[in-house]
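Letter by letter, the chains look like this.
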Amino acid sequence: METMKRFKRVLSCMLSLFLVYSTLILIRPIEVNASVNDTSGYELITEAKKHLGTQYVYGGQSPGGFDCSGFTMYVFSTQGIALNRTASTQYSNNGYNVSRNDLTIGDLIFFSRTDSNDPGVSHVGIYIGYNHFIHSGNMVYRSPH
Amino acid sequence: MNQSYWGDRYYGAKRILSSAITSIEILMFDLDYYYYRYDDLKTAIGPNDYALFDHWLTLGIKEGRTPSAVFDPVYYMSANADVRNIYGSKNWVAAYQHFVFSGVNEGRASSPVYNGLYYKNYYTDLNKFTGLQALNHYVKSGIYEGRRGSSTFDPLIYKSNYSDLSSTYGNDNKMYTYHYLKHGRSEGRIGI
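**So, the overall build of chain A**
For chain A, the helix and strand inventory stands at four helices and seven strands. Going residue by residue from the N terminus, the α and β elements of chain A occur as α-α-β-β-α-α-β-β-β-β-β. With 145 residues in all, chain A has 29% of them scored as buried. A separation threshold of at least 6 residues defines the contact pool for chain A, and within that pool the share at least 24 residues apart is 43%.

This is the structure:
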């Protein structure tokens with residue numbers, strides 16, 4: 001009798017574990033575009049180019065007008081990737097360093113002021129290949145152009 | 001080059017996207033091949049590196065153009081029925097995206113001269129390579145060494161079969177692959 005009760009308890013436990021496991025499997029979301037690994041350079045550049053000609057607006061971070069970091073932040077956000085708001089914090093906090101010789105499409109590239117009294121990061125754009133980048137200067141455009 | 005940006009103002013760079021993905025994308029585009037392959041672009045654009053790359057990203061992908069020896073979207077859809085059935089036989093952007101995100105690492109047949117799985121299994125020195133490593137090897141070494149990237153094309157056999165080509169291209173193994181893709185197949189030349 002005791003053996004039968006123990007057997008039922010074990011069986012009940014196993015059944016509960018199976019039900020919990022099955023539920024977890026069923027409710028797990030399908031992972032589509034869930035990580036940065038799911039964005040191609042093609043997708044990013046295609047989005048960036050949609051905004052060529054958009055006017056520069058200080059503090060702007062929407063298709064109505066962009067500043068430089070607002071532009072990069074917006075473009076990456078369309079791919080589900082969150083960047084910091086300013087050029088200097090994007091440089092400090094986002095991604096990892098790559099050398100100039102190793103640049104590839106989609107990399108953020110940063111520029112400083114020419115004023116030697118303030119040599120920090122002041123501008124940012126997106127590398128689009130063959131020494132070109134797209135950025136919001138006086139408007140969104142490709143450089144060199 | 002704009003010196004005010006690339007010269008004294010350049011500060012540094014950060015990578016946000018996956019290196020693996022963008023590496024595949026870079027390996028898929030061969031500037032020399034794209035220029036060689038499309039006579040209309042030679043006329044319209046000329047040998048302008050960025051303009052050719054930009055053409056590929058802006059229009060070429062959507063038009064189903066072939067950016068390199070390793071990826072032909074038309075062939076990819078033809079050879080991979082599961083992809084074709086899901087995305088449609090002429091959805092070239094989907095072919096590109098599928099190859100980038102899945103096809104490379106699955107070693108799928110992606111052009112008449114490149115099949116990742118075949119390539120790494122054919123050569124013992126490549127047996128343990130991942131799909132990306134195999135692609136990288138073929139693009140940077142294999143095509144120049146005259147290695148065989150698929151069961152239907154061997155550049156060295158192609159070279160020995162056609163004296164008109166060997167007299168033109170000599171030991172430039174890459175050009176036999178280029179020629180086969182642009183002319184040889186449609187001329188009915190045998191690739192192996």
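**A look at helix H5 (residues 49-63) of chain B**
In this model H5(B) runs 19 Å from its N-terminal to its C-terminal C-alpha over 15 residues, within 8% of the 21 Å that 1.5 Å per residue would give. The principal kink in H5(B), of about 45°, is found at B:Trp56. Regarding H5(B), the residues found buried are B:Leu52, B:Phe53, B:Asp54, B:Trp56, B:Leu57, B:Gly60 and B:Ile61. Those residues of H5(B) hidden inside the fold are in contact with helix H2 (41-49) and strand S5 (121-129) of chain A together with helix H3 (31-37), helix H4 (39-44) and helix H8 (92-106) of chain B. Phi turns positive, to about 80°, at B:Gly64, one or two residues after H5(B).

**Details of the packing of H8(B) against helix H10 (residues 131-145) of chain B**
Residues and elements named next belong to chain B. The interhelical angle for the contact between H8 and H10, taken along N-to-C directions, is 85°, at an axis separation of 7 Å. With respect to each other, H8 and H10 are oriented roughly perpendicular. Where H8 abuts H10, its residues Val104, Asn105 and Glu106 lie against Gly131, Leu132 and Leu135. Looking at the contact of H8 with H10 residue by residue, the classes come out as three nonpolar, two polar and one charged.

**Some words on the packing of H10(B) against helix H13 (residues 173-187) of chain B**
All names here are of chain B. Relative orientation of the contacting elements H10 and H13 amounts to 95°, with a least axis distance of 6 Å. On the basis of their axis angle, the class for H10 and H13 is roughly perpendicular. Every residue of H13 that contacts H10 at Ile143, Tyr144 and Glu145 is listed here: Asn173, Lys174 and Thr177. Each residue belonging to the contact of H10 with H13 can be placed in one class, and the counts come to two nonpolar, two polar and two charged.

**Some details on the pairing of strand S7 (residues 140-143) of chain A**
All names here are of chain A. Bridging between strand S6 (residues 132-136) and S7 involves four bridges; their strand directions are antiparallel. Bridged to isoleucine 134 within S7 is arginine 142. Hairpin connection, S6 to S7: the antiparallel pair is bridged by three residues.

Scoring rules and cut-offs
- Residues numbered from 1 in each chain as written.
- Chains lettered and ligands numbered in written order.
- Predicted model: local features only at pLDDT ≥ 70, side-chain atom pairs only at ≥ 80, totals over all residues.
- Helix = DSSP H or I, 4+ residues; strand = E, 2+ residues; numbered from the N terminus.
- Buried ≥ 20, exposed ≤ 12 C-beta atoms within 10 Å, placed from the backbone.
- Contact = placed C-beta atoms within 7 Å.
- Expected span 1.5 Å × (residues − 1).
- Bend = angle between axes of the 7 residues up to and from the residue.
- Axes fitted to C-alpha atoms, helices over the stretch in contact; angles between N-to-C directions.
- Parallel < 35°, antiparallel > 145°, perpendicular 65-115°, else oblique.
- Nonpolar A, V, L, I, M, F, W, Y, C, P; charged D, E, K, R; others polar.
- Pairing = 2+ DSSP bridges.

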